[in-house]
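Residue-level structural notes
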Amino acid sequence: MNFLRGVMGGPSAGPQPSGADTIQKLCDRVASSTLLDDRRDAVRALKSLSKKYRLEVGIQAMEHLIHVLQTDRSDSEIIGYALDTLYNVISNDLEEEEQEENLAKQVDDLGSQFTEIFIKQQENVTLLLTLVEEFDFHVRWPGVKLLTSLLKQQGPQVQQIILVSPMGVSRLMDLLADSREVIRNDGVLLLQQLTKSNAAIQKIVAFENAFERLLDIITEEGNSDGGIVVEDCLLLLQNLLKNNNSNQNFFKEGSYIQRMKPWFEVGDDNCGWSAQKVTNLHLMLQLVRVLVSPTNPPGATSSCQKAMFHCGLLQQLCTILMATGVPADILTETINTVSEVIRGCQTNQDYFASVNAPSNPPRPAIVVLLMSMVNERQPFVLRCAVLYCFQCFLYKNQKGQGEIVSTLLPSTIDGNSVSAGQLLCGGLFSTDSLSNWCAAVALAHALQENATLKEQLLRVQLATSIGNPPVSLLQQCTNILSQGSKVQTRVGLLMLLCTWLSNCSIAVTHFLHNPANVPFLTGQIAENLGEEEQLVQGLCALLLGISIYYNDNSLENYRKEKLKQLIEKRIGRENFIEKLGFISKHELYSRAAQKPQPSFSSPDHMMFDHEFTKLVKELEGVISKAIYKSSEEDKKEEEVKKTLEQHDNIVTHYKKVIREQDQELEELKQRINTLTSQNEQLQATVTQQVSQIQQHKDQYNLLKVQLGKDTQHHNSHSDTFQVNGIQTEEVSKLKEELEEWKNKHELLLGQLREKDSVIEKLNSSQLEMGTTEQSSQTIKSAGLEHNSELQKELEMLRSQIQLQAAEISKLQMENQKLQVMNATADPVLGDSGATAATSSELEARLEQEIKELKSEVKALSEEKESLKQHLDSSSSTVAILQDEKSKLQREVAESKKEQDDLLVLLADQDQKISALKIKLKDLGVPVEDEDDIESGDQGDEDEDGDEDEQD
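To start, this report covers the structure provided alongside it. No experiment lies behind these values; they were computed from the predicted model shown.

Looking only at helices and strands, the protein has 42 helices and four strands in total. Buried residues in the protein amount to 47% of all 951 residues. On the protein, roughly 47,800 Å² of surface is accessible, and the fraction owed to carbon and sulfur atoms is 50%.

Put into C-alpha cells, the structure is as follows:
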C-alpha cells in the first residue's frame, strides 16, 4: 500500500493529525476488542468518518472491515456498518464539500485503487455475493450498493470473478424478485453494470428469466408513464439485447415482442409530456431498433420485423407517427424506428404504403413525410429521419419504386393532389441546397438496381416556363449542374445521374445526345480548382467513366474510343484516375460508408449517401481499367460478350427444358409411389386373410374332434338326442363358415379386378411416357419392376385359390361323414317310439342342409373356374408388357448411342468456351462461372453451338 501512502503526501490535502489518530485507535478497537458491542461501536464510528477521511479509513481500516465481514456474520448490524464504510471508501460519489476541495485528481484514482485492493483477493467478492443473499435489509442493501460500486470502478475484473463464482449471477438475479422496491431498483442498477460489454453474462442473465421479470416491472410501473425505474429497466434490456444475437432470438421466441405493444399506446391528449415520459419512450423506441438493426443478421432482423407486424406493433408506431402533439425528438426517433421495422420487409413496406394521415382529404403518410423533408423550416434531424424512412421504404422494394416513379410519368399525374413525385421534383429544383440533396438521393433510391424504371424515368417531361417547350428531367438536371449552383446541390445531382446511368445504356445514350454534357464534364475535370471543388471533380470523372463503360456505341460522335481519346487529349489518363480517386479518399465518404442511416453533425456535412458509396466501390476499379483499354481490346471484349450472351441463352433454354423434365419425373415418381403403397396395402390385406383362414381351420378341427368324441360315448336315447343337437349346431357353424368363404372369394375377385385396372393404367402410362427420351429409362425400369411384382402377386393368388379348393374338398368330406353319422344313428332312434317324430324332423333338416351345402360347393367351384379365367387373362397382359419392355430396352440402347455422340460434341464446345474465357481474363474482363449442366443436356447444347458456328 505504499502507493496509497504516497497520495497523502500533498501539503494541504492530508488529514488532521487528530483525525488520523482517531481512525488508528478505532482500527485497534475493531482488531482487539473481544466484546461485540465494542467492535460494533468502533465500526459505526469509522463509518461516520469514512466520507471526510476517505483515504485514511481506506488505508488503515479496509483489512479490519473485511475481517469483520468474515467473522461477525451473525450480527447484521455490524455487517451493515462495515459494508457502508467500504462503500463510502470505494465509491466516487462525494459530497459537495469534498468536491470543492482540490482533490479532483485523487477522486478517480482512489476509487479505482481501493477497488483493486479489495478484489485482489477473489474471496472478498465471493463473500460479498454471499452477503447479498441475506434477506436482512441492513445487510442486503449496502451489499448491493458496494458490489455496484466495485463494478463501476473495475468492471471487467469483477465480472470475471462473478462469472467463475458458483451460481454468482443467479444469486444476483434474485434481487429482481425482492418485494422491497429499494433493493429491487438497486438490483436493476447492479445488473446494468454487470452486463456491460460481457456477452457471456448477458446470456446467463437472459436465461435466468430476466426478460419476464423486467417486463413485469415495467408494466407494474405504468409503462411509458412510469418513473426512473422504467428507464433503468429499459437500459438493462438494451444491455442484454444490443449486439447479442442469441438473446435477441430468445427474446423473439419467448413472444416478448408482443408485450412491447402496450408501451406505445399513446392517448389522444398528447399535450404536457413529462421529461421522464419522453426519456422512457425514447428508450423504448431504441429497444425496438436494437431488434431490427441493419447490423443484425438478416434472418434475425426479418423474423423480428414479421413478428412486429403480426402483433400490431408496427401499426401502433404508425399511429404515433401520424398523431398530433408528439414532441419533436420522439417523432424523429419514431420515424427512425418505423424505417428500420419496414426496411427490406415487403409485407411491412406494403402496409406502410397504405397508411394515411388523418387529414381532409386523407393523404398517404409517405407524401406527408416528404413534405417535411423538402421544407427548409423543419428541423435538420427530422429531415434526415424522413429521408432515412423513404430510403428504407424503397430498399429491396421494386413495387414501391415503381409506385414512386409512376407519379412522375405523364399518364399518371393527378392535378388535384400532391404526389410523391411532384414533391421530389419540387425539392430537386428548389433554392434550398439541402432540399436539392435530399430529393436527389431519394430519387436515386427509387432507381436503385431497377433498369426498367431508369428507362421509364427518361419519359418524364418538365414545364420550365410558359411558352417554352418542356424539357426532360435528365436535361433539367444537367442544366442546373452547368449553372454553377452550390456544392451540395451539385453533389446530389451528380449522385443521381451516376445512379441513373449506371447499368443503363439507353440512359447513357440520352445523356450523350446533349452535345453540351461531355464538354462540361471534361472542363470540370481538367480545371485545377480548390479543395471544396475536388469532390465535384471526382463525381464528374465518375459520371464520364460510367458514360464510357456502359456506352453501347450507338452515337457515332461519342463512341467509347472517341471519348477515351478526348480524355487523353484534354485531361490525361493519369490525371483522370487521380480525380476519380478523390471520392473514396474523402472523409465524408468514409463516414457515409459505415451505416445506412444518414447521421450528420450539420447540414454542410451532408454529402454522400450510403448506397452510393457501394456504387462507387463497385465502379471505380472497372472504370479505371476501361480507360486504359484499346479499341481492339474493346472489340474483342464485345465479341466475347456476344458469344457469352449466346451461350447464356442456350444454357437458359436447356435449364428450362431440364426443369420441365424434372417436374415430369417428379410426377411419375409420385404415381409410382402411389401404386407401390396400394400394392403394399393389398399385400397386407392378403396376409390378414391368410391368418384368418388359419384361425377358422383351427376352430373347425377342434369342433370336429369334439363331435367325434360325442358320437362314441353316447348310446342312450338322451345321448342320441344330445348328439343330434350337437350335429345341428355343427351344421349351422359349417354353413356360417361357408358363407364367410364365399365373401372371401368375392373379395379376392375384387382384388383381381383392381390388379387388372392397375395393369391397364401402367400400360397406358408407359405408352404416354414413350415420348420423352430422357425420362424413358426410369419409367421402363419402374414398369419392369411392377410387372415382376404383378407376376408374383398373381402366383400368390393362384396358390391361395388352390388352397381354398382344397378347403372346399375337405368340407365336402366332412358333409359325407355327417351323413354316415346320421345313418348310424337311425337304429337307435327307431327303438324309441316316443322320439320317432323328432328324429324324422331332424333327418329332414339334415338332408335339406346337406343339399344347400352341395349347391354352395357347386357355386364355389364355378367361382374357382372364373378365377382361373381371370388369371389366364392376367398372364396374357404380363406377356404383352414383356414385349413392350423389350421394345423400350432397344430404344434406350439407341438413345445411349446418340448421347455418346453428343458428349463428344460437348467436349469440343467446352474447349472453345474455356479458350474464350481465358482471352476475356487476359483482357481484364471479369468472367463469372456458369452452373454445371447435366451430361445429356450438354450434348444437346454443344450440338446447337456447332450449328450456330457453321452458320
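Let us keep going from here.
Here we take up the pattern of salt bridges. Scanning the model with the defined rule gives 25 salt bridges in all. Across the salt bridge formed by Lys47 and Asp84, the nearest N and O atoms sit 3.4 Å from each other. Taken together, the positions of Lys47 in helix 3 (residues 36-49) and Asp84 in helix 5 (residues 76-90) put the pair 37 residues apart, joining distant regions of the chain. The salt bridge involving Arg573 is made with Glu568; its shortest N-O contact spans 3.0 Å. For Arg573, a relative accessible area of 24% puts it in the partly exposed group. Relative accessible area serves as the criterion here: at 42%, Glu568 is assigned to the partly exposed category. By sharing partners, the salt bridges in this structure join Asp37, Arg40, Asp41, Arg44, Asp75 and Glu77 into a single network.

On to a negative patch on the surface. Together, Glu660, Asp662, Glu664, Glu666 and Glu667 make up a region of like negative charge exposed at the surface. Relative to the helices and strands, Glu664 resides in helix 38 (residues 631-713). Judged by its relative accessible area of 34%, Glu664 is partly exposed.

It is the contact of helix 19 (residues 313-322) with helix 21 (residues 346-354), at a shortest axis distance of 11 Å, that shows an interaxial angle of 35°. As for the relative orientation of helix 19 and helix 21, their crossing is right-handed in sense. Residues Leu314, Gln315, Cys318 and Leu321 of helix 19 touch helix 21, and the partners they reach there are Asn348, Tyr351 and Phe352. Residues belonging to the contact of helix 19 with helix 21 are distributed by class as follows: five nonpolar, two polar and no charged.

Packing of helix 5 against helix 9 (residues 137-153) leaves a shortest axis separation of 9 Å and a crossing angle of 20°. When the interaxial angle is binned, helix 5 and helix 9 end up roughly parallel. The two elements helix 5 and helix 9 meet at a crossing, and its hand is left-handed. Of the residues in helix 9, those in contact with Ser76, Ile79, Gly80, Leu83, Asp84, Leu86, Tyr87 and Ile90 of helix 5 are His138, Val139, Pro142, Gly143, Lys145, Leu146, Ser149, Leu150 and Gln153. Grouping the amino acids of the contact of helix 5 with helix 9 by side-chain chemistry returns nine nonpolar, six polar and two charged.

Across all of its chains, the model carries 13 aromatic pairs by this definition. Consider the rings of Phe608 and Phe612, whose centres lie 6.4 Å apart with planes at 10°: the pair is stacked. Accessibility classification places Phe608 together with Phe612 in one group, the buried group. Directly above the ring of Tyr87 sits Lys145, whose terminal nitrogen or CZ lies 5.2 Å from the centroid. Positioned over the ring face of Trp141 is Lys145, at 4.1 Å from the centre of the ring.

On the secondary structure map, Asn450 appears in the loop between helix 26 (433-446) and helix 27 (451-457). For the pair formed by Asn450 and Lys396, sequence separation is 54 residues and the distance between their alpha carbons is 9.8 Å.

With that settled, the discussion passes to helix 21. Every buried residue of helix 21 is accounted for by Asn348, Gln349 and Phe352. Buried residues in helix 21, looked at end-on, bunch into an arc of 100°, giving them a common side. On its buried side, helix 21 packs onto helix 18 (298-310), helix 19, helix 20 (328-342), helix 22 (365-373) and helix 23 (380-394).

With that settled, consider the state of the cysteines. Taken as a whole, this structure holds zero disulfides when the rule is applied. Residue Cys384 stays outside any disulfide, its sulfur separated by 6.3 Å from that of Cys438, the closest cysteine. The class of Cys384 is buried, set by a relative accessible area of 6%.

To continue, consider the side chain of Ser33. Here Ser33 shows up in the loop between helix 2 (17-32) and helix 3. Given the relative accessible area of 17%, Ser33 is considered buried. Of the polar contacts made by the side chain of Ser33, one reaches the backbone oxygen of Arg29; its length is 2.8 Å. Discounting chain neighbours no more than four positions away, the residues touching Ser33 are Asp28, Asp38 and Arg39.

Here Lys252 shows up in helix 16 (residues 245-253). On the accessibility criterion, Lys252 (19% relative accessible area) is buried. A distance of 2.8 Å separates polar atoms of two side chains, one belonging to Lys252 and the other to Glu253. Not counting the four nearest positions on each side in its chain, Lys252 is found in contact with Ile257, Ser303 and Cys304.

Once that is clear, we can look at unusual backbone geometry. Across the junction of Asn360 and Pro361, the peptide omega takes the value 0°, indicating a cis bond. Tracing the backbone shows Pro361 in the loop between strand 1 (356-357) and strand 2 (363-364). Of note in the backbone geometry, Met167 takes a positive phi value of approximately 55° without being a glycine. Residue classification places Met167 among the exposed residues on the basis of a relative accessible area of 58%. Within the chain, Asn503 stands out as a residue other than glycine whose phi angle is a positive 60°. Following the sequence through the fold, Asn503 ends up in the loop between helix 29 (487-501) and helix 30 (505-513).

Reading the values: rules and limits
Residues numbered from 1 in each chain as written. Predicted model: local features only at pLDDT ≥ 70, side-chain atom pairs only at ≥ 80, totals over all residues. Heavy atoms only, no water. Helix = DSSP H or I, 4+ residues; strand = E, 2+ residues; numbered from the N terminus. Buried < 20%, exposed > 50% of the residue type's maximum accessible area, 1.4 Å probe, protein only. Areas by Shrake-Rupley, 256 points an atom, 1.4 Å probe, with all protein chains shown as cover. Salt bridge = Lys/Arg side-chain N within 4 Å of Asp/Glu carboxyl O. Patch = residues over 30% accessible without salt bridge, like charges linked within 9 Å, V, L, I, M, F, W, Y side chains within 5 Å. Lys, Arg positive; Asp, Glu negative; His and termini not counted. Charge placed at Lys NZ, Arg CZ, Asp CG, Glu CD. Axes fitted to C-alpha atoms, helices over the stretch in contact; angles between N-to-C directions. Left-handed = near helix turned anticlockwise from the far one by under 90°. Contact = heavy atoms within 4.5 Å. Nonpolar A, V, L, I, M, F, W, Y, C, P; charged D, E, K, R; others polar. Parallel < 35°, antiparallel > 145°, perpendicular 65-115°, else oblique. Phe/Tyr/Trp six-rings, centres within 6.5 Å; stacked < 30°, edge-to-face > 60°. Lys NZ or Arg CZ within 6 Å of the ring centre and 35° of its normal. Arc of directions from axis to C-beta. Disulfide = S-S within 2.5 Å. Polar contact = N/O pair within 3.5 Å; in protein donor to acceptor, adjacent residues only side chain to side chain.

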